Amino acid sequence: MKRRHFSAAALAAVTFAAALPALAQDNTFKIGLILPMTGQQATTGRQIEAAARLYMAQNGDTVAGKKIQLIVKDDTSLPDATRRLAQELVVNDKVNVLAGFGITPSALATAPIATQSKTPLVVMAAATSSITEASPYVVRTSFTLPQVSVALADWAPKNGIKKVVTLVSDYGPGIDAEKYFKERLTFNGGQVTESLRVPMRNPDFAPFLQKVRDLKPDALFVFVPSGAGAAVMKQFLERGMDKAGIKLIATGDVTDDDQLNDMGDGALGVVTSHHYSAAHPSALNKKFVAAFEKANKGMRPNFMAVGGYDGMRVIYEALRTAKTTGKAMPSGDALLAAMKGQIFESPRGKMFIDAQTRDVVQDVYLRKVEKKDGQLFNVEFDVIKDVKDPGKTK
Ligand code: DHB
């Protein structure tokens, strides 16, 4: 009798102990943030992680009674690693949301895991149009290349640029940029005389730029991913392309705020189109840039940072407003529903998560590199309001 009593108590103790981590876990909302922290895209990871941590420092780590835990993993920008890490985060860590995704192949490789596990996947960086169609659980807070490229193709022919050679990284976002820029420029009476593609990994721009010099277009249109812009700019200037009368026009990925200051005065006057500039003159952006620079000495936030910052906003707000029973953790489907249709002011300007496409609708700016207080900035001079991704097929 005594022994049985002891056993029951022991059993109860064991059961209680086993329930403890479960209880603790039930109250912890986990965000698995997969980023390239090393390798060619490391600046993307550094910017997004810094912005996510800033968002948490400013908004606290408790939302709707749940403790937020950020789990950061380095995929070194290799899609097989992204997929493996996502699988581990979902199965072992039981994350509530997957986020990050520095390059398109990483987002595409992980989309099936989001679908199978019904886990929202917040794309904070990658920008090929089709990513949101790879899973109904994808929500994007970055941008798309079609969205920003058409604005430049509208601007160019009105500013004396009729004949253009395009030079893009040979993968999803580059092919989107090439296609949408060319279609729109042609529609506007201009002409793309040659389309060049450079390898995504370890590109050597020299032979391509030599070819452009021989072709003598009015302008060279460039897309390369964040981090590669400085090399393009350097070689463009070294080859005297500007002196040969060839203008450089690009998506804002090239005059990346993370690298722009190191590009030197040769970058002055370069016109780009994009959704975010550290020089965006709103009160909210000034606060964001100041807080980011204070928390991260020597760094200036770029468009990747704002994608990460706004991605955290979308996740926090979803957790705050998702439908749940009592104190239960909201399901992936409830979180996804609460992400759709969010409208808010971002440091970039107004932004909106289209409930139908789960993609970002935002203002796109034309900018010119100028010097302000001794620093190079992308200074906005025109805006196209509320631009949807033109690449959506539905
Ligand atoms: C992608 C990556 C970038 O660094 C960028 O600036 C734009 C797009 C991508 O892989 O989708």
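Residues numbered from 1 in each chain as written. Predicted model: local features only at pLDDT ≥ 70, side-chain atom pairs only at ≥ 80, totals over all residues. Heavy atoms only, no water.

Caption draft 1: Molecular detail of the overall build of the protein chain. For the protein chain, the helix and strand inventory stands at 11 helices and 15 strands. Expected size for 394 residues packed as a compact globule is a radius of gyration near 21 Å; at 23 Å, the protein chain falls within 12% of this value. The C-alpha extent of the protein chain, read off along each of the three principal axes, is 100 × 40 × 35 Å. Evaluated residue by residue, the protein chain yields a buried proportion of 56% over its 394 residues. Taking all contacts inside the protein chain whose residues are at least 6 apart in sequence as the whole, residues at least 24 apart take part in 68%. When the accessible surface of the protein chain is summed, it comes to about 16,600 Å², and 55% of that surface belongs to carbon and sulfur atoms. (Helix = DSSP H or I, 4+ residues; strand = E, 2+ residues; numbered from the N terminus. Rg over C-alpha atoms; globule rule 2.2 N^0.38 Å. Buried < 20%, exposed > 50% of the residue type's maximum accessible area, 1.4 Å probe, protein only. Contact = heavy atoms within 4.5 Å. Areas by Shrake-Rupley, 256 points an atom, 1.4 Å probe, with all protein chains shown as cover.)

Caption draft 2: Region of the structure containing the site of the ligand. Every one of the 16 residues lining the ligand counts as a neighbour, but T104, A127, Y171, S226 and D253 are closest to it. In the environment of the ligand, an oxygen atom lies 2.9 Å from a nitrogen or oxygen atom belonging to the backbone of S226. Among the detected pockets, the ligand sits in the largest cavity. Its residues placed into classes, the shell around the ligand shows 10 nonpolar, 5 polar and 1 charged. (Near = heavy atom within 4 Å. Polar contact = N/O pair within 3.5 Å; in protein donor to acceptor, adjacent residues only side chain to side chain. 1 Å grid on protein atoms, 1.4 Å probe; cavity = no way out; pocket = protein on both sides within 12 Å on 5 of 7 lines; lining within 4 Å. Sits in = over half its atoms within 2 Å of the grid points. Nonpolar A, V, L, I, M, F, W, Y, C, P; charged D, E, K, R; others polar.)

Caption draft 3: Looking closely at the environment of P217. Structurally, P217 can be placed in the loop between α7 (206-215) and β9 (219-223). Owing to a relative accessible area of 4%, P217 belongs among the buried residues under this scheme. In sequence terms P217 and L145 are 72 residues apart; their C-alpha atoms lie 22 Å from each other. Apart from residues lying up to four places away in sequence, P217 is in contact with K163, V164, V165, V212, G245 and I246.

Caption draft 4: Seen up close, the confidence of the model for the protein chain. In this model, the protein chain carries an average pLDDT of 94, and 93% of its residues clear a pLDDT of 70 or more. Ignoring residues within four places in sequence, the model shows residues 9-19, a span with pLDDT below 50, making 0 contacts including any to other chains. (pLDDT = per-residue confidence, 0-100.)

Caption draft 5: Spotlight on the sheet that holds strand β6 (residues 138-140). Read from one edge of the open sheet, 6 strands run β2-β3-β1-β4-β5-β6, paired in mixed fashion. The open sheet has two free edges, formed respectively by β2 (62-63) and β6, since each of these has just one partner strand. Taken together, the 3 bridges between strand β4 (residues 97-100) and strand β5 (residues 121-123) define a ladder with parallel strand orientation. Counterpart to G100 in the pairing with β5 is V123. Taken strand by strand, helix α3 (residues 79-91) contacts β1 (28-35), β3 (66-74) and β4, and its axis lies near 175° from that of β1. (Pairing = 2+ DSSP bridges. Axes fitted to C-alpha atoms, helices over the stretch in contact; angles between N-to-C directions.)

Caption draft 6: Region of the structure containing empty space enclosed by the protein. Counted under the stated rule, the structure contains 1 cavity of 30 Å³ or more. The calculated volume of the largest cavity comes to roughly 100 Å³. Lining of the largest cavity is provided by 17 residues; of these, G102, Y171, F223, P225 and M304 occupy positions nearest its centre. When grouped by side-chain class, the residues that make up the lining of the largest cavity number 11 nonpolar, 5 polar and 1 charged. (Points joined across faces, edges and corners; volume = space filled by probe spheres on them.)

Caption draft 7: Representation of the side chain of T251. Position of T251 among the secondary structure elements: in strand β10 (residues 247-251). Under the relative-accessibility criterion, T251 is labelled buried at 0%. Polar side-chain contacts of T251 include one of 2.6 Å to the side chain of D253. Discounting residues that sit within four places of it in the chain, T251 has contacts with L145, V148, S149, F221, V222, F223, T272, S273 and H274.

Caption draft 8: Structural detail: the pairing of strand β15 (residues 375-387). In this sheet, β15 lies alongside strand β14 (residues 360-372) in antiparallel orientation, the contact comprising 10 bridges. Note on β15: the bridge partner recorded for E370 is F377. Count of turn residues in the β14/β15 antiparallel hairpin: 2 residues, of which D373 carries a positive phi of about 50°.

Caption draft 9: Fine view of α3. Spanning 13 residues, α3 covers 18 Å between terminal C-alpha atoms, matching the ideal 18 Å at 1.5 Å per step. Among the residues of α3, those classed as buried are A81, T82, L85, A86, L89 and V90. Within α3, the buried residues cover an arc of 160° as seen down the axis, which keeps them to one side. (Expected span 1.5 Å × (residues − 1). Arc of directions from axis to C-beta.)

Caption draft 10: Region of interest: the nonpolar core. Membership of the largest hydrophobic core comes to 95 residues, with the highest contact counts inside it found for L98, F181, I249, F288, M312 and I315. Per-element tally for this core: the top contributor is helix α10 (residues 303-321), with 11 residues. Not counting residues within four places of it along the chain, the set of residues in contact with I249 comprises L152, W155, A156, I161, F181, A219, L220, F221, V222 and V271. Of all hydrophobic cores here, the second largest spans 25 residues; its members include L167, L196, V224 and V254. (Core = buried A, V, L, I, M, F, W, Y, C linked by side-chain atoms within 4.5 Å.)

Caption draft 11: Quick look at the environment of F181. Within the element layout of this structure, F181 appears in helix α6 (residues 172-187). Look at F181 and you get buried, because its relative accessible area is 0%. On a C-alpha basis, the gap between F181 and L152 in space is 7.5 Å, while along the polypeptide they are 29 residues apart. Those residues within four positions of F181 in sequence are excluded, and the remaining contacts are S149, L152, A153, V164, T166, V192, F221 and I249.

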